[in-house]
Amino acid sequence: MTGESLRVEFRRQVRERVLDTAAALTVERGWDRVRIGEVAVASGVSRPTLYREFGTKDGVGEALVAREADRFFTGIAEQLEQHEDPSEGVRAAVRFTLDEAGGNPLLRAILTGSRSGDTSLLPFLTTRGDAIITGGNALVGDWMRRRRPDVEPRTVADAVDAIVRLTISHLVSPGLSHSDAADRLARLTSCLMADPSRV
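If you're wondering where the values come from, they're calculated on a predicted model, not measured in any experiment.

Caption draft 1: Structural detail: the overall build of the protein chain. What the protein chain contains, in helices and strands, is nine helices and zero strands. Its C-alpha atoms give the protein chain principal-axis dimensions of about 60 × 45 × 25 Å. When the 199 residues of the protein chain are sorted by exposure, 43% land in the buried category. In the protein chain, the proportion of contacts linking residues at least 24 apart, taken out of those at least 6 apart, comes to 69%. For the protein chain, the exposed surface amounts to about 10600 Å²; the carbon and sulfur share of it is 53%. In the protein chain, 27 positive and 29 negative side-chain charges are present, and the distance between their average locations comes to 5 Å.

Caption draft 2: Focus on the packing of aromatic side chains. Tallied over the full model, the rule gives zero aromatic pairs. Between Lys57 and the ring centre of Trp31, over which it is positioned, the NZ or CZ distance is 4.9 Å.

Caption draft 3: Seen up close, the side chain of Asn104. Its place among the elements puts Asn104 in the loop between α5 (86–103) and α6 (105–115). Contacts of Asn104, omitting those with residues within four sequence positions, involve Glu68 and Phe72.

Caption draft 4: Just the side chain of Thr21, in detail. Along the chain, the position of Thr21 falls in helix α1 (residues 3–29). Reaching out from Thr21, the side chain makes a polar contact with the backbone oxygen of Arg17 at a distance of 2.9 Å. Dropping the residues within four chain positions of it, Thr21 is found in contact with Val39, Ala42 and Ser43.

Caption draft 5: Focus on the environment of Glu84. Here Glu84 is to be found in the loop between α4 (57–81) and α5. In sequence terms Glu84 and Trp143 are 59 residues apart; their C-alpha atoms lie 9.2 Å from each other. Among the polar contacts listed, one links the side chain of Glu84 to the side chain of Arg147, at a separation of 3.5 Å.

Caption draft 6: Quick peek at the environment of Thr167. One can find Thr167 in helix α8 (residues 153–172). Residue Thr167 is classed as buried on the basis of its relative accessible area of 11%. In this structure, the C-alpha to C-alpha distance between Thr167 and Thr97, residues 70 residues apart in sequence, is 8.1 Å. Setting aside residues up to four positions removed in sequence, Thr167 forms contacts with Val94, Thr97, Leu98 and Leu185.

Caption draft 7: Highlighting the packing of α1 against helix α2 (residues 36–43). The N-to-C vectors of α1 and α2 enclose an angle of 120°; their axes lie 9 Å apart at closest approach. By the criterion of interaxial angle, the relationship of α1 to α2 is oblique. For the element pair α1 and α2, the recorded crossing hand is right-handed. Residue-level contacts link Arg17, Val18, Thr21, Ala22, Leu25 and Arg29 of α1 to Glu38, Val39, Ala42 and Ser43 of α2. Across the contact of α1 with α2, the residue classes break down as five nonpolar, two polar and three charged.

Caption draft 8: Quick look at the nonpolar core. Counting 55 residues, the largest nonpolar core has Leu50, Val60, Ile110, Leu125 and Met144 as the members making the most contacts within it. Here this core takes nine residues from α4, the largest share from any one element.

Caption draft 9: View of the pattern of salt bridges. Taken as a whole and assessed by the stated rule, the structure comprises 18 salt bridges. In this structure, Glu84 and Arg147 form a salt bridge, with 3.5 Å as the shortest nitrogen-oxygen distance. Of this pair, Glu84 sits in the loop between α4 and α5 while Arg147 sits in helix α7 (residues 130–147), placing them 63 residues apart in sequence. We classify Arg147 as buried; its relative accessible area is 13%. Note that Arg91 is salt-bridged to Asp183, the shortest N-O span being 2.8 Å. Placement of the pair is Arg91 in helix α5 and Asp183 in helix α9 (residues 178–192), with a sequence separation of 92 residues.

Reading the values: rules and limits
- Residues numbered from 1 in each chain as written.
- Predicted model: local features only at pLDDT ≥ 70, side-chain atom pairs only at ≥ 80, totals over all residues.
- Heavy atoms only, no water.
- Helix = DSSP H or I, 4+ residues; strand = E, 2+ residues; numbered from the N terminus.
- Buried < 20%, exposed > 50% of the residue type's maximum accessible area, 1.4 Å probe, protein only.
- Contact = heavy atoms within 4.5 Å.
- Areas by Shrake-Rupley, 256 points an atom, 1.4 Å probe, with all protein chains shown as cover.
- Lys, Arg positive; Asp, Glu negative; His and termini not counted.
- Charge placed at Lys NZ, Arg CZ, Asp CG, Glu CD.
- Phe/Tyr/Trp six-rings, centres within 6.5 Å; stacked < 30°, edge-to-face > 60°.
- Lys NZ or Arg CZ within 6 Å of the ring centre and 35° of its normal.
- Polar contact = N/O pair within 3.5 Å; in protein donor to acceptor, adjacent residues only side chain to side chain.
- Axes fitted to C-alpha atoms, helices over the stretch in contact; angles between N-to-C directions.
- Parallel < 35°, antiparallel > 145°, perpendicular 65-115°, else oblique.
- Left-handed = near helix turned anticlockwise from the far one by under 90°.
- Nonpolar A, V, L, I, M, F, W, Y, C, P; charged D, E, K, R; others polar.
- Core = buried A, V, L, I, M, F, W, Y, C linked by side-chain atoms within 4.5 Å.
- Salt bridge = Lys/Arg side-chain N within 4 Å of Asp/Glu carboxyl O.

Okay, here's the thing in structure tokens:
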């Protein structure tokens, strides 16, 4: 390894250690009660190093949510690639997302915390969740365009954006069972991606 690659690897390890610590503390007592100083101490990183890497507590929170999103995207991609039919792929991906979120301690802490007044990380999933929406749109959009090259790209983009945003809505404010929510979005996909010759 070169000196540069060692520095990059060290930086990656520091980031992971900080995010692991921040996640554990969030699950334990909620993001509002997490202090950056204790994250630095518990992860064995100096405060200046932590601030250089993340900027602020919000920077740590945003990175924490983005890392969880990346993990979800890997599983969602696997679900989508098992299906040729857009509706079935969306059904599987939505069901996977909701099931995984239900069993994910960090997401559970974010969502249950928001219901008891700790909303500080929730915006990174919703109103400030541009990276998640953009990533979800890119992932599902690429898969959808390969399945339905006959559909106008703008129609695909609009349909995918609606599906991604509605999935996040079901995640944040559940009203249906995971199965029913997945079925609903699969039906919506059928409507939005209808055979253009019949529209």
